[in-house]
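Results of the structural survey
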Amino acid sequence: MGRTLANKKEIVAELKERLSESQMALVIDYQGLTDAEMKDLRQRLRKCNTSCKVTKNTLMELAVKDSDTWQPMTQFLKGPSAFLLVKDDIGGTIKAYQEFQKATKKTTLRGGVMEGRALDEAQVKAIGDLPSKEQLMAQIAGALNAVTAKIAIGIKEVPASLARATQAIADKGAA
């Protein structure tokens, strides 16, 4: 028994809702994955606050039709498609997918959409290679800590060098 029109409208509305909450969407060809492998992929992605949605391309096309942000996704809608809808951790999601892909060697990334722009596989990989938010914050904190340490040493060194200069003059005058 096929889906009813009302059921399809519900699916399209849910897709629109999920897309509105997402920062990025990736389209993968999931053909050949077993149920266990799909479950494994979903579990890996859940840690990154990403959902994996498998739906017909026509329903996704209807969901993105009126949205300038997601419209570029239509070029990737051919064949069996799974959609990785990324809410927060873009880099973590890409890394989790790449690890899964290396383990199974069954999926291919068709492309992605972010901020209204279509991304090819190389661009998605480049985004995945960027440091995570936590790593960047740690680097900034380390840099700030180094600067404050140098300032503190500099401030401490001014009176010490003045004292050494005064002592040198006193020693020279006593001699």
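Let me sum up the structure you'll find in this document. This structure is a prediction, so every number in the text was calculated from the model and none was measured.

Turning next to the pattern of salt bridges. Scanning the entire structure with this criterion turns up eight salt bridges. Between lysine 53 and glutamate 14 there is a salt bridge, with the nearest N and O atoms lying 3.6 Å from each other. Here lysine 53 is found in strand β2 (residues 50-54), whereas its partner glutamate 14 is found in helix α1 (residues 5-20), with 39 residues between them in sequence. For lysine 53, a relative accessible area of 19% gives the class buried. Residue classification places glutamate 14 among the partly exposed residues on the basis of a relative accessible area of 29%. Bridged by salt links that share partners, the residues Glu14, Arg18 and Lys53 form one connected network.

An ideal rise of 1.5 Å per residue puts 22 Å on 16 residues; α1 measures up with 23 Å between its terminal C-alpha atoms. All of the buried residues in α1 are Ile11, Val12, Leu15 and Leu19. Taken end-on, α1 shows its buried residues confined to a sector of 95°, consistent with a single buried face. Pointing more than 90 degrees away from the buried face of α1 are the exposed residues Lys9, Glu10 and Ser20. Along its buried surface, α1 packs onto β1 (24-29), β2, α3 (57-64) and β3 (81-86).

A surface patch of nonpolar side chains, about 290 Å² in accessible area, is lined by Val147, Ile151 and Ile155. Structurally, isoleucine 151 can be placed in helix α6 (residues 133-174). Exposure remark for isoleucine 151: the relative accessible area of 49% places this residue in the partly exposed category.

For threonine 50, the location among the structural elements is in strand β2. Classification of threonine 50 as buried rests on a relative accessible area of 7%. In terms of polar contacts, threonine 50 uses its side chain to reach the side chain of threonine 93, at 2.6 Å. In this structure threonine 50 touches Leu45, Leu84, Leu85, Val86, Lys87 and Thr93, once residues within four positions along its chain are discounted.

Rules used throughout
- Residues numbered from 1 in each chain as written.
- Predicted model: local features only at pLDDT ≥ 70, side-chain atom pairs only at ≥ 80, totals over all residues.
- Heavy atoms only, no water.
- Salt bridge = Lys/Arg side-chain N within 4 Å of Asp/Glu carboxyl O.
- Helix = DSSP H or I, 4+ residues; strand = E, 2+ residues; numbered from the N terminus.
- Buried < 20%, exposed > 50% of the residue type's maximum accessible area, 1.4 Å probe, protein only.
- Expected span 1.5 Å × (residues − 1).
- Arc of directions from axis to C-beta.
- Contact = heavy atoms within 4.5 Å.
- Patch = residues over 30% accessible without salt bridge, like charges linked within 9 Å, V, L, I, M, F, W, Y side chains within 5 Å.
- Areas by Shrake-Rupley, 256 points an atom, 1.4 Å probe, with all protein chains shown as cover.
- Polar contact = N/O pair within 3.5 Å; in protein donor to acceptor, adjacent residues only side chain to side chain.

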